[in-house]
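If you want the building blocks of each chain, they are given just below.
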Amino acid sequence: MTPEEEIEFKRRRKGRNTALALVLLFFVALFYAITFVQFG
Amino acid sequence: MSDSAALYLPSDWRDFLALTKPRVMSLAIFTGLAGLLAAPGHIHPVIGFTAVLCIALGAGGAAALNQWWEADIDAAMKRTAGRPIPGGRVRKTDARDFGIALSAASVGIMGVAVNWLAAAILALSIVYYAVVYTIWLKPRTPQNIVIGGGAGAFPPMIGWVAVTGEVTLMPVLLFAIIFFWTPPHFWALALFVQTDYAKVGIPMMPVVKGEASTRRQILGYAILLLPIAGAPWFIGSTGAIYGGAAVLLSLVFVYLAALVASRRAGPGDAMKPEKRLFGFSVLYLFALFAALVADRAILGQGLFA
């Protein structure tokens with residue numbers, strides 16, 4: 001892997017990790033809300 | 001960067017987003033939401049949001065599976081050669097796993113949070129699109145667009161069942177409307193857009209049966225659509241707002257289809273009637289479903305009752 005490729009590798013990995021973290025956080029919030037609605 | 005480097009680098013998250021065909025998904029979201037808002041009964045906004053989200057996730061998963069299966073076909077056609085898999089930005093197996101994960105999550109969440117009948121229809125629609133249409137019938141019959149239209153017809157039915165929990169005549173009619181709308185919509189486009197489906201062995205109607213037959217069938221489906229679009233009003237399930245809109249829109253649709261059916265394109269033809277029919281078909285579906293929601297909101301026991 002050339003240095004340029006390594007920079008690109010890290011940029012993409014970081015982007016994916018951020019996207020996945022946001023998706024997971026969103027589902028945590030959604031399931032929290034669903035739970036309250038279903039038991040309300 | 002060389003091609004080999006592109007293959008071992010992790011895919012950009014935007015390429016996974018592109019696999020879900022966001023523009024197709026937006027139509028599923030709109031019709032699914034319309035079905036949900038038009039259905040009798042009450043659904044909590046959080047549950048309603050979850051139902052529409054699951055419809056969108058399911059549509060995205062099915063789209064990813066479709067691109068996994070058709071990667072070699074896409075690579076050979078100009079319009080699709082830049083998609084994530086033929087473009088070398090996403091591995092085929094990653095797309096397959098992504099599609100399965102999205103599909104499974106959408107069905108599971110729909111079942112747990114909304115109801116299992118809606119989840120079952122959602123699962124059926126994904127299998128219908130990814131397996132029955134993409135894998136089985138699309139490469140085998142020139143009626144593939146008619147069959148594919150069935151996949152696009154599920155969202156309003158799922159939205160409706162998410163509220164009511166049962167399949168009655170109305171959600172079936174909503175399904176039938178999109179089912180009969182799709183062939184004239186797509187074939188109008190196929191008449192004026194030069195595609196290379198023939199090159200990759202996909203039997204599209206204008207290529208297999210010729211232009212004249214395609215034009216006749218466009219009119220045939222448009223005429224069939226008229227009583228089906230009007231049916232929710234005829235059977236008394238909707239009021240005059242929907243009924244008036246459905247009859248008016250459908251008559252214009254038949255008229256524009258008749259113009260397309262009664263002509264032949266010469267060399268260097270501008271294809272204006274075909275483009276007008278295609279443009280109107282998009283407006284038709286949006287206006288019809290908007291009228292359905294407006295009818296219920298104003299005349300039914302909906303938002304203002």
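Note that the structure is a prediction, hence the values are computed from the model and not measured.

A. Quick peek at the environment of Ile7(A). Positionally, Ile7(A) belongs in helix H1 (residues 3-39). Separated by 30 residues in sequence, Ile7(A) and Val37(A) place their C-alpha atoms 45 Å apart.

B. Just the interface of chain A and chain B, in detail. Taken together, the contacts link twelve residues of chain A with eleven residues of chain B. A breakdown of the residues in the side of chain A that touches chain B according to their chemical character gives six nonpolar, one polar and five charged.

C. Just unusual backbone geometry, in detail. All names here are of chain B. Notably, Lys 21 is not glycine yet its phi reads approximately 50°, a positive angle. With respect to the helices, strands and loops of the structure, Lys 21 is situated in the loop between helix H2 (13-19) and helix H3 (22-38). Although it is not a glycine, Met 271 adopts a positive phi angle of roughly 55°. Within the element layout of this structure, Met 271 appears in the loop between helix H13 (240-261) and helix H14 (272-298).

D. Spotlight on the nonpolar core. Residue and element names in this part refer to chain B. Grouped together as the largest cluster of nonpolar side chains are 95 residues, with contacts concentrated most on Met 110, Ala 118, Leu 122 and Leu 288. Among the elements that make up this core, the one with the highest residue count is helix H10 (residues 169-192) (14 residues). Each residue touching Leu 288, except ones within four places of it in the same chain, is listed here: Ala 229, Ala 245, Ala 246 and Leu 249.

How each quantity is defined
- Within every chain, residues take consecutive numbers counted from 1 along the sequence as written.
- Here the convention is simple: chains get letters from A, ligands get numbers from 1, in the order in which they are written.
- The predicted origin of the model limits local features to residues at a pLDDT of at least 70 and limits the giving and counting of side-chain atom pairs to 80 or more, whereas totals for whole chains, interfaces and linings rest on all residues.
- Strands here are runs of E lasting at least two residues and helices are runs of H or I lasting at least four, both read from the DSSP assignment and numbered beginning at the N terminus.
- Contacts here follow a simple rule: the backbone-placed C-beta atoms of the two residues must lie within 7 Å.
- Put simply, Ala, Val, Leu, Ile, Met, Phe, Trp, Tyr, Cys and Pro go in the nonpolar bin, Asp, Glu, Lys and Arg in the charged bin, and everything else, Gly too, in the polar bin.
- A set of buried residues qualifies as a nonpolar core if it consists of Ala, Val, Leu, Ile, Met, Phe, Trp, Tyr and Cys joined through C-beta atoms within 7 Å.
- Counting other C-beta atoms within 10 Å of each residue's C-beta, where C-beta atoms are placed from the backbone, gives the exposure class: buried for 20 or more, exposed for 12 or fewer, partly exposed between.

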